[in-house]
Amino acid sequence: HVNKRKFLLFLAAILSCACILPIIYLTDLPIFLLFVLLFFIGFFSSAQLLSYSFAIEINPIEAKGTSIAITNFIVSVGTCVMQPLIGFFLDLHWDGTLREGIPFYSLADYRFAFMCFPLMCFLAFILLFFLKERQKSKMALFWSRIVGMD
């Protein structure tokens, strides 16, 4: 239902962050628990697909294709930005240690750099407060019942 999408996005942001933090900060996680946490990060992160439903829902019919394209662009750009951002933070926190001419990053360097992930979850959580849900119109409710989507 429309009214539950925003709640699911809030829940996904919180639970994704809750799964990422132990991976970053706990050093002796059993491999099975690590696999479980990584699985749940992927599972909860899949809620980002709801952003496409929001893009369709809140825009007029003439702009639905454009809104989906912009949503897809933002998702793609987010991925493109995160990889160099992590590298930037790794270098920023790096103490200059080299091993055979190759930069050597400590566990603390990686923890610092990977804090981007929980920070992005927190940013998503905050931005969700500004997301407006549109209630279904009577006509949309009528057609969703006819096609069995309610």
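Higher on the page you've got the structure.
**Side note on the packing of helix 4 (residues 64–93) against helix 6 (residues 116–128)**
- The interhelical angle for the contact between helix 4 and helix 6, taken along N-to-C directions, is 130°, at an axis separation of 11 Å. What the angle tells us is that helix 4 and helix 6 run oblique. Judged by residue contacts, Met82, Leu85, Ile86 and Phe89 of helix 4 engage Cys116, Phe117 and Met120 from helix 6.

**What to know about the packing of aromatic side chains**
- Throughout the structure, instances matching the rule amount to 14 aromatic pairs.
- Their ring planes at 70° and their centres at 5.0 Å tell us that Phe10 and Phe125 sit as a pair that is edge-to-face. In this pair, Phe10 is assigned in helix 1 (residues 2–25) and Phe125 in helix 6, connecting sequence segments 115 residues apart.
- Relative accessible area serves as the criterion here: at 14%, Phe10 is assigned to the buried category.
- Under the relative-accessibility criterion, Phe125 is labelled partly exposed at 23%.
- Here Phe39 and Phe40 contribute two aromatic rings whose centre-to-centre distance is 5.4 Å and whose plane-to-plane angle is 70°, an arrangement assigned as edge-to-face.
- The exposure class of Phe40 is partly exposed, given its relative accessible area of 32%.
- Through a chain of ring-to-ring contacts, the aromatic side chains of Trp94, Tyr105, Tyr110, Phe114 and Phe117 assemble into a single cluster.
- Between the NZ or CZ atom of Arg99 and the centre of the ring of Phe104, over which it lies, the distance is 3.7 Å.

**Concerning the pattern of salt bridges**
- Enumeration over the complete set of coordinates arrives at one salt bridge.
- With its nearest N and O atoms 2.3 Å apart, the salt bridge here joins Glu57 to Arg5. Here Glu57 is found in helix 3 (residues 50–57), whereas its partner Arg5 is found in helix 1, with 52 residues between them in sequence.
- Residue Glu57 is classed as buried on the basis of its relative accessible area of 13%.

**Concerning the packing of helix 3 against helix 4**
- Across the interface, helix 3 lies against helix 4 with an axial gap of 8 Å and an inter-helix angle of 150°. The angle between helix 3 and helix 4 falls in the class roughly antiparallel. Here helix 3 runs over helix 4; the crossing is right-handed. Residue-level inspection shows Ser51, Tyr52, Ala55, Ile56 and Glu57 of helix 3 in contact with helix 4, the latter providing Lys64, Ser67, Ile68, Thr71, Asn72 and Val75.
- Of the residues that constitute the contact of helix 3 with helix 4, the class distribution is five nonpolar, four polar and two charged.

Parameters and conventions
- Residues numbered from 1 in each chain as written.
- Predicted model: local features only at pLDDT ≥ 70, side-chain atom pairs only at ≥ 80, totals over all residues.
- Heavy atoms only, no water.
- Axes fitted to C-alpha atoms, helices over the stretch in contact; angles between N-to-C directions.
- Helix = DSSP H or I, 4+ residues; strand = E, 2+ residues; numbered from the N terminus.
- Parallel < 35°, antiparallel > 145°, perpendicular 65-115°, else oblique.
- Contact = heavy atoms within 4.5 Å.
- Phe/Tyr/Trp six-rings, centres within 6.5 Å; stacked < 30°, edge-to-face > 60°.
- Buried < 20%, exposed > 50% of the residue type's maximum accessible area, 1.4 Å probe, protein only.
- Lys NZ or Arg CZ within 6 Å of the ring centre and 35° of its normal.
- Salt bridge = Lys/Arg side-chain N within 4 Å of Asp/Glu carboxyl O.
- Left-handed = near helix turned anticlockwise from the far one by under 90°.
- Nonpolar A, V, L, I, M, F, W, Y, C, P; charged D, E, K, R; others polar.

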